[in-house]
Amino acid sequence: THFIGNYQFLRGFMSGQVKILIIEDDAPLAKMLVYLLTRAGCDVMVAHTGIEGMQLAQEIQFSLIALDIDLPDLNGLDICKELKQRHFSRLTPIMFMSGRPLEADIQRGLEAGAVDYITKPFGASDFVSRILSFVQPAPARQRPCPSDFPDEDTDANPQSLCDAPQGNQ
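Nothing here was measured: the structure is a model prediction, and the numbers come from that model. (Residues numbered from 1 in each chain as written. Predicted model: local features only at pLDDT ≥ 70, side-chain atom pairs only at ≥ 80, totals over all residues. Heavy atoms only, no water.)

**As for the overall build of the chain**
- Within the chain, the secondary structure is distributed over six helices and seven strands.
- Burial status across the chain gives 39% buried among its 169 residues.
- Taking the intrachain contacts of the chain between residues at least 6 apart in sequence as the baseline, contacts between residues at least 24 apart amount to 58%.
- Summed over all atoms, the accessible surface of the chain reaches about 10200 Å², with 50% contributed by carbon and sulfur. (Helix = DSSP H or I, 4+ residues; strand = E, 2+ residues; numbered from the N terminus. Buried < 20%, exposed > 50% of the residue type's maximum accessible area, 1.4 Å probe, protein only. Contact = heavy atoms within 4.5 Å. Areas by Shrake-Rupley, 256 points an atom, 1.4 Å probe, with all protein chains shown as cover.)

Here is the structure:
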């Protein structure tokens, strides 16, 4: 059994498909986020400090890291920049959770390498849906055929555009 902060996690954590790391110093908020994400089918671990979060990110390959900016020991922006430079976490999506709602703060978060920035307080369903949008593969989509857009006029043969090979098929 793993003990992280005040939470106990079963060894089965490693078998889950979607693994989320929450780096949040507010224990009641972290507990609520664990509850929400667990109900959504995710395996969740919590770190209450930046140092603890960095250690977990180095030890376990997470599907996503939800990161507070204002932590007691390290700045979340610095953590994000560091994780984006490390081989073990550079491809892991990071989503900021912050009480800083200013556009300049959001811009700094995205420039640090985050894929999203959600401001506190946030709704439970908004938080979960935003997390899941980054960790679950989107359904396969076909490229729309020009005939799907009746208002568009094209000189090209619409059927040839739809039949053309797409990407790495």
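Having put the structure on the table, let's press on.
**Observations concerning the sheet that holds strand 4 (residues 43–47)**
- Judged by pairing direction, the sheet is parallel, and its five strands sit side by side in the order 4-3-5-6-7 without closing on themselves. A single partner strand is all that each edge strand has here, and the edge strands are strand 4 and strand 7 (116–119). Strand-to-strand twist in this sheet, taken as the mean axis angle between neighbours without regard to direction, amounts to 20 degrees.
- Relative to strand 4, strand 3 (residues 19–23) runs parallel, the two being bridged by five bridges. Each residue of the ladder has a partner; that of Ile 23, found in strand 4, is Ala 47.
- Helix 3 (residues 76–85) rests against strand 5 (64–68) and strand 6 (94–98) of the sheet, and its axis sits at about 175 degrees to strand 6. (Pairing = 2+ DSSP bridges. Axes fitted to C-alpha atoms, helices over the stretch in contact; angles between N-to-C directions.)

**With respect to unusual backbone geometry**
- Here Lys 120 and Pro 121 are connected by a cis peptide whose omega angle stands at -5 degrees.
- Among the secondary structure elements, Pro 121 is positioned in the loop between strand 7 and helix 5 (124–135).

**Things to note about the environment of Ser 125**
- Mapped onto the fold, Ser 125 is located in helix 5.
- Looking at Ser 125, the relative accessible area reads 61%, which means it is exposed.

**Side note on the environment of Ala 66**
- Considering the arrangement of structural elements, one finds Ala 66 in strand 5.
- Note on Ala 66: relative accessible area 0%, which makes it buried.
- Ala 66 sits 51 residues away from Tyr 117 along the chain, and the two C-alpha atoms are 9.4 Å apart.
- Ignoring any residue separated from it by four or fewer positions in sequence, one finds Ala 66 in contact with Leu 21, Ile 22, Ile 23, Met 95, Met 97 and Ile 131.

**Re the side chain of His 48**
- Looking at the secondary structure, you find His 48 in the loop between strand 4 and helix 2 (50–59).
- Within the local environment of His 48, its side chain forms a polar contact with the backbone oxygen of Glu 24, the two atoms lying 3.0 Å apart. (Polar contact = N/O pair within 3.5 Å; in protein donor to acceptor, adjacent residues only side chain to side chain.)

**Concerning the packing of helix 2 against helix 3**
- Contact geometry for helix 2 and helix 3: axes closest at 11 Å, N-to-C directions at 15 degrees. The angle between the axes of helix 2 and helix 3 places the two elements in the roughly parallel class. Along this stretch, helix 2 crosses helix 3, giving a crossing that reads as right-handed. Contacts between helix 2 and helix 3 involve Gly 50, Met 54 and Ala 57 from the former and Ile 79, Glu 82 and Leu 83 from the latter. (Parallel < 35°, antiparallel > 145°, perpendicular 65-115°, else oblique. Left-handed = near helix turned anticlockwise from the far one by under 90°.)

It is worth stressing that arrangement in space is one thing and function is another; only the former is reported here.
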